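A closer look at the structure
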Amino acid sequence: MSDDSSSPLTTLKILIIGESGVGKSSLMLRFVDDVFDPEQAATIGVDFRVTSMAIDGNRVKLAIWDTAGQERFRTLTPSYYRGAQGVICVYDVTSRSSFEKLNHWMQEVDTYCTNDNIIKMMVANKIDMPNRVVTREEGLKFAKRHRTLFIEASAKTKEGVQCTFEELIEKIIQTPDLWDNDRPSFRLGQPTGSSGGGGMCGC
Amino acid sequence: MAEIEENTVFEINDFTIVTDMEHFGAAFEGILQKYEFSSRRPCLSNDVKYRLIVTDTNMISIGENKLRIELLQPVPASSNPSNDVEFVEAPKDEIEEDAHVIPFTVAEEVANLKHGFEVTDSFLLKFGIRECIIISPNDSSGTFTDENQVNTVMGNIKTILHSSRCEVPVFCYIKDQSLDMISGYASDGNSTYNFSSVVLRNINRRHCSMTDLLYLFKEHLGASISAFHEEVRMSSRFTHVVPLKQSKYFRNHTVETFGLLATGPTSSLPFDILEIAATWRFFRENSLTENHSHSDFDINYSSYWNIKMKSTKSSLLGVLDEILGVYREDTRKAIRSDLNCALILGKHYTQKELPNAFQKLTINSASEVKIGKHAETEDSGTNGPMPPALMKSWVNFIFNEAESDNESLAHELNMLNAASMSENQLSDDELVNNVKLDTLFNYKNPKSANTFLAPYKCAKKSTVTWRLAIALANARVFMSDQPRAEPQLWVEFLLKLREKYEKMETVEKVYNGIDHLQCSFSQKMQMLQLCIDARQKRHRMLDSAHSANNSDEFFDANESFNAETILEPNNEGRLKLFGLNLVEIPDVPMYIPVTQDACPLTDEMIDARNEHLFSLDEEDRVHLQMELVKSDMQSFKAANAGAVFADFLRWHSPKDYDEKTNTISERMLISNNVWVRSWEAALPIPVANQARIFNDTKIAEEILEIFNNATLDQVREWMKPTVFAATLERLTEIESSYGVSEEKQKQRTKTAKILANATLNNTPMDYNEISKYCSQIEMIHNMKVHLMQLFENAREKMHPPYPSETDVQSAIKQLVNIAVHNLWDNSTDEEPTFVIKPQDPIGRAIAVIGKLDELTEQQLINGHRKEYIFNWKHSCPSTTTIPMTHRMYADLRSDKHSLYFSMANDCNFSNSSYL
């Protein structure tokens with residue numbers, strides 16, 4: 001995937017998770033293809049789209065992984081998380097259960113994520129719907145508690161969709177530890193004095 | 001140029017001809033002006049410690065040659081409030097005393113008795129002065145080849161010094177700078193100082209004692225010995241190099257330390273030399289005697305000692321360096337990359353009945369491998385360098401199987417110990433010592449934490465992989481003269497692994513699927529375990545299905561039967577009740593079927609799978625991922641005859657079926673969607689009869705095949721993250737025997753984080769850095785342990801009072817610091833010193849360590865290096881002139897004898913001073 005990175009700064013892997021039927025695929029398709037299909041078929045396993053976007057003058061390639069929300073596909077979960085730099089966790093504002101399950105999803109992110117610095121974003125989808133049951137405040141509170149980004153969106157009306165991805169990517173780019181690990185890193189071990197025994201002979 | 005022509009009067013009309021020497025003079029004068037060296041120089045305080053450093057460098061051409069003019073000046077060594085050297089005031093009392101006459105600084109400096117062996121700057125030691133200008137050729141081609149040339153230059157310089165009233169001494173090197181032949185001059189207009197040095201390969205043996213040197217000094221001054229002269233003040237320093245008795249170290253293998261990652265020195269102890277520089281501070285002529293037959297310089301009665309511990313070995317690297325060293329690029333290149341471990345063993349490995357993994361399996365044929373029909377593996381095995389009993393213990397250790405026969409292991413280890421010691425006979429004393437050292441080097445902390453300092457991506461402690469990594473590393477160290485030991489252990493490990501796999505025994509710890517936070521090898525081992533678990537489960541299922549077939553249908557739902565009850569194995573593959581009845585047959589209960597497990601994936605498999613998924617078009621991708629759903633549909637149909645798609649959704653994807661309205665969600669009703677198509681195509685087949693999704697046999701055989709074909713380098717690469725983590729953790733453990741500073745702990749945590757990053761991203765540079773760090777820390781640890789042991793032994797042999805614990809610790813710390821400085825520190829920092837008084841408890845302990853009481857008088861007379869400083873206040877040139885201090889420093893070594901003179905003259909005979 002990242003081999004053909006000729007001009008883009010880097011290739012980022014973004015994962016979309018959340019309960020079944022909250023609109024994960026719709027969000028992705030709206031962002032990538034700018035389409036909305038009310039009769040979007042249930043995703044099988046995982047679906048992906050590759051696109052690119054410009055952030056702060058840098059072009060980044062995005063591999064967006066849209067996962068199936070159904071329980072049965074979760075056995076493959078760890079494989080989805082591998083190498084992801086950003087994760088978008090979607091819930092449906094018209095379904096309280098989808099919001100209540102967020103705890104579980106956050107736990108999963110912590111369990112399977114190999115990268116401590118992964119950027120998390122909470123997306124409250126379907127805000128165009130009249131029968132809303134989860135308020136913005138509730139969502140915001142949850143996001144604050146889990147230190148994630150938060151945005152309200154509607155894949156149907158396009159509202160907040162572009163913003164979701166832009167903010168997430170921007171935050172990732174601001175965290176080079178996440179994506180710039182090709183170069184040998186001594187960032188953790190700032191050379192203390194000389195690289196030799198200088199710093200070590202404290203005994 | 002002036003030309004002489006006929007009939008013209010000779011006339012100089014061009015005044016621009018300047019000789020090379022004049023050029024040089026002008027430039028040199030310019031430098032003096034630049035430094036503003038045209039008056040008295042300040043006297044420096046004795047209270048502040050200075051270091052002489054080159055503060056400025058200039059280049060001047062003299063003819064074609066370039067000369068380097070360096071300014072050597074003192075700067076306060078420690079952080080002193082007054083950094084400005086120029087304005088450091090002389091001690092107050094002196095100022096008061098000589099308020100009107102500011103003395104000639106050079107004369108004061110040479111007379112200063114503080115400029116003895118306490119100083120570390122060589123220039124100060126040699127000539128007693130702290131500020132000077134040094135002239136040296138810029139490259140070897142332009143050296144002054146003899147004294148005449150230097151005299152010419154110095155003559156010129158003298159003129160300039162006098163004309164510019166510069167009192168700073170100027171030195172000029174003769175020949176190569178390294179020969180240390182030097183000539184210098186300083187004057188305040190009235191009195192002068194001439195500096196010179198004599199360097200000889202070998203001074204006449206007649207001049208090798210203090211008495212002789214004293215005559216030499218006086219005679220150099222042209223002064224006869226007279227009772228009217230003031231006494232000469234002398235200082236001397238004798239450096240004795242004492243070899244320590246025990247320098248060899250033999251690893252003492254014991255049952256207890258068998259499974260600990262080996263640490264300690266490789267074969268010799270860190271230190272084998274004790275260097276004592278005994279100094280006698282300024283004493284008067286005749287108070288101590290040294291001549292050819294007698295010496296008063298008994299080391300035990302000197303003023304103080306400077307102690308150093310040294311090693312004659314070129315490398316002090318310990319075992320951890322040996323363990324991590326195999327990951328260095330040069331070492332890796334030395335291993336043959338075309339041989340797997342079995343082939344390395346060659347004739348030492350009998351593969352009588354080839355276990356399956358040795359057959360040339362292809363992926364296709366893997367499924368044909370028959371289960372449980374393997375040749376007995378007992379017949380095959382290795383007969384390499386490692387004795388069978390030892391090998392068995394290793395393998396048992398790896399798989400954490402209780403050691404059945406500790407005695408035979410102890411016996412084998414003793415054999416190993418004996419073998420390493422056979423070449424060198426150790427005395428009983430040394431043997432006891434060796435064992436004591438060994439306990440310290442291989443310190444085992446019972447409280448050692450079971451957690452890591454940082455989240456390394458490696459095998460967890462107490463897993464088979466962790467122990468395998470330690471075993472392989474230890475095999476390498478224990479039998480370092482047997483390069484086949486390591487591959488042999490690997491092959492034996494594989495044979496046992498195969499055996500355990502066939503017998504479906506536990507081969508690795510697995511909790512809840514593959515732990516992706518562990519390294520790739522560990523994941524493979526976990527995968528093997530999951531394969532074994534899957535096979536066990538399948539066997540159980542097949543067995544029970546078989547028994548269910550044979551028995552009659554007698555199954556009746558009893559009263560207590562509810563949705564939570566797991567059903568007995570049955571033909572329909574029903575697991576338990578769902579809790580609702582079927583949509584279209586409302587009086588028939590719906591069952592949740594037994595389902596297949598998804599195939600667990602290691603990181604490598606995930607990457608391969610993801611790459612594959614990416615390469616597929618959407619339809620194929622969906623098809624591939626429908627595998628599990630299709631299997632579920634088959635099982636569901638088998639468990640629930642007469643069930644419809646809606647029933648399946650109610651169980652599988654409740655979101656897509658509304659129980660209230662009894663409707664299927666819109667997205668599942670999209671015509672011809674893959675869910676509906678698959679449902680319609682699915683046949684009712686219980687799991688027991690389905691094709692396996694997790695083909696454990698194939699995967700296990702693939703892994704075992706990879707293991708069998710691994711080269712030694714590959715095996716080591718697999719162990720790399722774990723071995724590095726084990727090393728870092730072991731360092732923490734051994735250091736806990738004496739406690740470490742907070743700063744050092746922070747450094748350790750930082751290194752642990754680098755390692756966590758290295759294991760995650762496999763960055764070779766990070767690994768190299770850690771390898772270097774571990775080697776150095778271990779070396780320091782070895783030094784400490786050795787010193788601790790030396791002091792401990794000394795305590796047993798010395799008379800009280802004993803040195804206090806803090807004194808010993810401080811001594812160890814200082815000695816280690818000196819050794820570390822000399823080993824690694826390339827900085828220009830001064831070498832730290834460790835100064836003690838011979839009669840202090842710690843001094844007496846050192847004397848015991850070096851067995852100084854055994855030194856003979858002859859050894860005392862011929863110390864390895866003898867240095868003397870002579871200071872004599874003597875009137876020169878005549879008895880009527882003001883007495884001035886003359887100084888000589890003599891440095892006698894076995895291969896080079898050097899004398900340095902600072903000779904005063906109270907009468908300035910230089911013609912140039914007339915200017």
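Quick caveat: nothing in here was measured; it's all calculated off a predicted structure.

1. As for the overall build of chain A
For chain A, the helix and strand inventory stands at seven helices and six strands. Reading chain A from its N end, one meets helices and strands in the order β-α-β-β-α-β-α-α-β-α-β-α-α. Across chain A, the fraction of contacts at a sequence separation of at least 24, relative to all contacts at a separation of at least 6, is 72%. Summed over all atoms, the accessible surface of chain A reaches about 8800 Å², with 47% contributed by carbon and sulfur.

2. Focus: the overall build of chain B
Broken down by element type, chain B carries 28 helices and 19 strands. Relative to its 915 residues, chain B shows a buried fraction of 50%. Looking at chain B alone, contacts between residues at least 24 apart form 74% of all its contacts between residues at least 6 apart. Per element, the accessible surface of chain B, about 44500 Å² overall, is 51% carbon and sulfur.

3. Regarding the pattern of salt bridges
Taken as a whole, this structure holds 61 salt bridges over all chains when the rule is applied. For the salt bridge of A:Arg82 with B:Asp607, the shortest nitrogen-to-oxygen distance reads 2.8 Å. Of this pair, A:Arg82 sits in the loop between α2 (77-81) and β4 (86-92) while B:Asp607 sits in helix α16 (residues 603-615), on two different chains. The partly exposed category is assigned to B:Asp607, whose relative accessible area is 35%. Residue B:Asp891 is joined to B:Arg865 by a salt bridge in which the shortest nitrogen-to-oxygen separation is 3.0 Å. In this pair, B:Asp891 is assigned in strand β18 (residues 883-893) and B:Arg865 in strand β17 (residues 865-875), connecting sequence segments 26 residues apart. One continuous salt-bridge network, built from bridges that share partners, spans B:Arg237, B:Arg865, B:Glu867, B:Asp891 and B:Arg893.

4. Looking at the state of the cysteines
All names here are of chain A. Enumeration according to the criterion identifies zero disulfides over all chains in this entry. Free of any disulfide, Cys89 has its nearest neighbouring cysteine sulfur in Cys113, separated by 12 Å. Residue class for Cys89 comes out buried when judged on its relative accessible area of 1%. No disulfide involves Cys163; its nearest neighbouring cysteine sulfur is the one of Cys89, lying 18 Å away.

5. Regarding the packing of helix α12 (residues 428-441) of chain B against helix α25 (residues 764-797) of chain B
All names here are of chain B. Close contact between α12 and α25 brings their axes to 10 Å; oriented N to C, the two are set at 135°. In terms of their interaxial angle, α12 and α25 are classed as oblique. The handedness of the crossing between α12 and α25 comes out as right-handed. Facing α12, whose interface residues are Asp429, Asn433, Lys436, Leu437, Leu440 and Phe441, α25 presents His781, Asn782, Val785, His786, Met788, Gln789, Asn793, Glu796 and Lys797.

6. Focus: the domain arrangement of chain B
All names here are of chain B. As assigned here, chain B comprises domain 1 (20-78 + 101-202), domain 2 (240-320 + 806-862), domain 3 (325-361 + 379-530 + 699-770) and domain 4 (569-695). The distance between the C-alpha centroids of domain 1 and domain 2 comes to 36 Å. Contacts between the two partners involve seven residues from domain 1, matched on the other side by six residues from domain 2. Among the residues domain 1 hides against domain 2, the three largest losses belong to Arg51, Leu113 and Glu118. Together they make up 59% of the total. Applying the counting criterion to the domain 1 and domain 2 interface returns one salt bridge. For Arg281, the salt bridge goes to Glu118, with nearest N and O atoms at 2.7 Å. Linking domain 1 with domain 2 are two residue pairs in polar contact (both at pLDDT 80 or more), by the criterion used here. When the residues that make up the side of domain 1 that touches domain 2 are grouped by side-chain class, the tally is two nonpolar, two polar and three charged.

7. Quick word on the interface of chain A and chain B
Counting residues at the interface gives 45 residues for chain A, matched by 55 residues for chain B. For the pair chain A and chain B, the summed buried surface comes to about 4500 Å²; carbon and sulfur atoms form 61% of the total. Across the contact surface, chain A and chain B share four salt bridges. Here A:Asp47 makes a salt bridge to B:Arg621, at a shortest N to O gap of 2.6 Å. At the level of secondary structure, the elements contributing two or more residues to the side of chain A that touches chain B comprise β2 (46-55), β3 (58-67) and α2 of chain A. In terms of residue count, the dominant contributor to the side of chain A that touches chain B is β2(A) (five residues).

8. So, the pairing of strand β5 (residues 119-125) of chain A
Residue and element names in this part refer to chain A. For β5, the tally of buried residues reaches seven of seven residues, placing the bulk of the element in the interior. Looking at chain direction, β4 and β5 are connected through seven bridges and run parallel. Looking at β5, one finds that Tyr91 is bridged to Ala124. The sheet contact formed by β5 and strand β6 (residues 149-152) spans four bridges and is parallel. Paired with Ala124 across the strands is Glu152, a residue of β6.

9. A few points about the pairing of strand β7 (residues 233-243) of chain B
Sheet faces and side chains relate simply in a regular strand, where the side chains alternate between the two faces. All names here are of chain B. Here β7 lies mainly inside the structure; eight of its eleven residues are buried. The pairing of β7 with strand β8 (residues 273-284) spans ten bridges and is classified as antiparallel. When the bridges of β8 are listed, Ser236 appears paired with Trp280. Both β7 and β17 contribute to a ladder of seven bridges, which runs antiparallel. Residue Ser235 lies in a different strand from β17, and its bridge partner there is Ile869.

10. Regarding unusual backbone geometry
All names here are of chain B. In this chain, Pro800 is followed by Pro801 through a cis amide linkage whose omega measures 0°. Residue position: Pro801 is located in the loop between α25 and α26 (805-824). The phi angle at Ser462 is positive, at roughly 70°, despite the residue not being glycine. On the basis of relative accessibility, which here comes to 34%, the residue Ser462 falls in the partly exposed class.

11. As for the confidence of the model for chain B
Residues and elements named next belong to chain B. A residue-level look at chain B finds 87% of positions with pLDDT of 70 or above and a mean pLDDT of 82. Across chain B, helix α22 (residues 696-708) holds the top mean pLDDT of 94, while helix α2 (residues 92-97) sits lowest at 44. Below a pLDDT of 50 lies the segment residues 357-378, which in the model reaches 36 contacts outside its immediate sequence neighbourhood of four places, other chains included. Here residues 552-559 is modelled with pLDDT under 50, and outside its nearest four sequence neighbours on either side it reaches three contacts, counting other chains as well. For this predicted complex, the interface confidence score (ipTM) comes to 0.83, while the overall pTM stands at 0.80.

12. Describing the sheet that holds β5(A)
All names here are of chain A. Spatial strand order, β2-β3-β1-β4-β5-β6: six strands in an open sheet with mixed pairing. Edge positions in the open sheet fall to β2 and β6, since each of these has one partner strand only. This sheet shows a mean twist of 25° between the axes of neighbouring strands, independent of strand direction. In this sheet, β3 lies alongside β2 in antiparallel orientation, the contact comprising ten bridges. Across the sheet, the residue bridging to Val46 is Thr67, located in β3.

13. Structural notes on the packing of aromatic side chains
All names here are of chain B. Under the counting rule described, the total for this entry stands at 51 aromatic pairs over all chains. Between Tyr35 and Phe37, the aromatic rings sit 5.2 Å apart at their centres with planes inclined by 45°, giving tilted as the arrangement. Looking at Phe37, the relative accessible area reads 2%, which means it is buried. When the ring centre of Tyr501 is taken as origin, the NZ or CZ atom of Arg535, which lies over that ring, is 4.6 Å away.

14. What about the nonpolar core?
Residue and element names in this part refer to chain B. If you look at the biggest cluster of nonpolar residues, it comprises 91 residues, and the most contacted ones within it are Trp490, Phe493, Leu497, Phe521, Leu528, Phe707 and Met719. Counting contributing residues per domain, this core is built from domain 2 (240-320 + 806-862) and domain 3 (325-361 + 379-530 + 699-770), each supplying no fewer than three. In this structure Phe493 touches Val395, Ile398, Phe399, Val464, Leu468, Phe521 and Met525, once residues within four positions along its chain are discounted. Within the second largest apolar cluster, 58 residues are counted, among which are Leu274, Ala278, Met779 and Leu860.

So, how was this worked out
- Residues numbered from 1 in each chain as written.
- Chains lettered and ligands numbered in written order.
- Predicted model: local features only at pLDDT ≥ 70, side-chain atom pairs only at ≥ 80, totals over all residues.
- Heavy atoms only, no water.
- Helix = DSSP H or I, 4+ residues; strand = E, 2+ residues; numbered from the N terminus.
- Contact = heavy atoms within 4.5 Å.
- Areas by Shrake-Rupley, 256 points an atom, 1.4 Å probe, with all protein chains shown as cover.
- Buried < 20%, exposed > 50% of the residue type's maximum accessible area, 1.4 Å probe, protein only.
- Salt bridge = Lys/Arg side-chain N within 4 Å of Asp/Glu carboxyl O.
- Disulfide = S-S within 2.5 Å.
- Axes fitted to C-alpha atoms, helices over the stretch in contact; angles between N-to-C directions.
- Parallel < 35°, antiparallel > 145°, perpendicular 65-115°, else oblique.
- Left-handed = near helix turned anticlockwise from the far one by under 90°.
- Domains from an automatic or database assignment.
- Buried area = accessible area lost by both parts, 1.4 Å probe.
- Polar contact = N/O pair within 3.5 Å; in protein donor to acceptor, adjacent residues only side chain to side chain.
- Nonpolar A, V, L, I, M, F, W, Y, C, P; charged D, E, K, R; others polar.
- Pairing = 2+ DSSP bridges.
- pLDDT = per-residue confidence, 0-100.
- Phe/Tyr/Trp six-rings, centres within 6.5 Å; stacked < 30°, edge-to-face > 60°.
- Lys NZ or Arg CZ within 6 Å of the ring centre and 35° of its normal.
- Core = buried A, V, L, I, M, F, W, Y, C linked by side-chain atoms within 4.5 Å.

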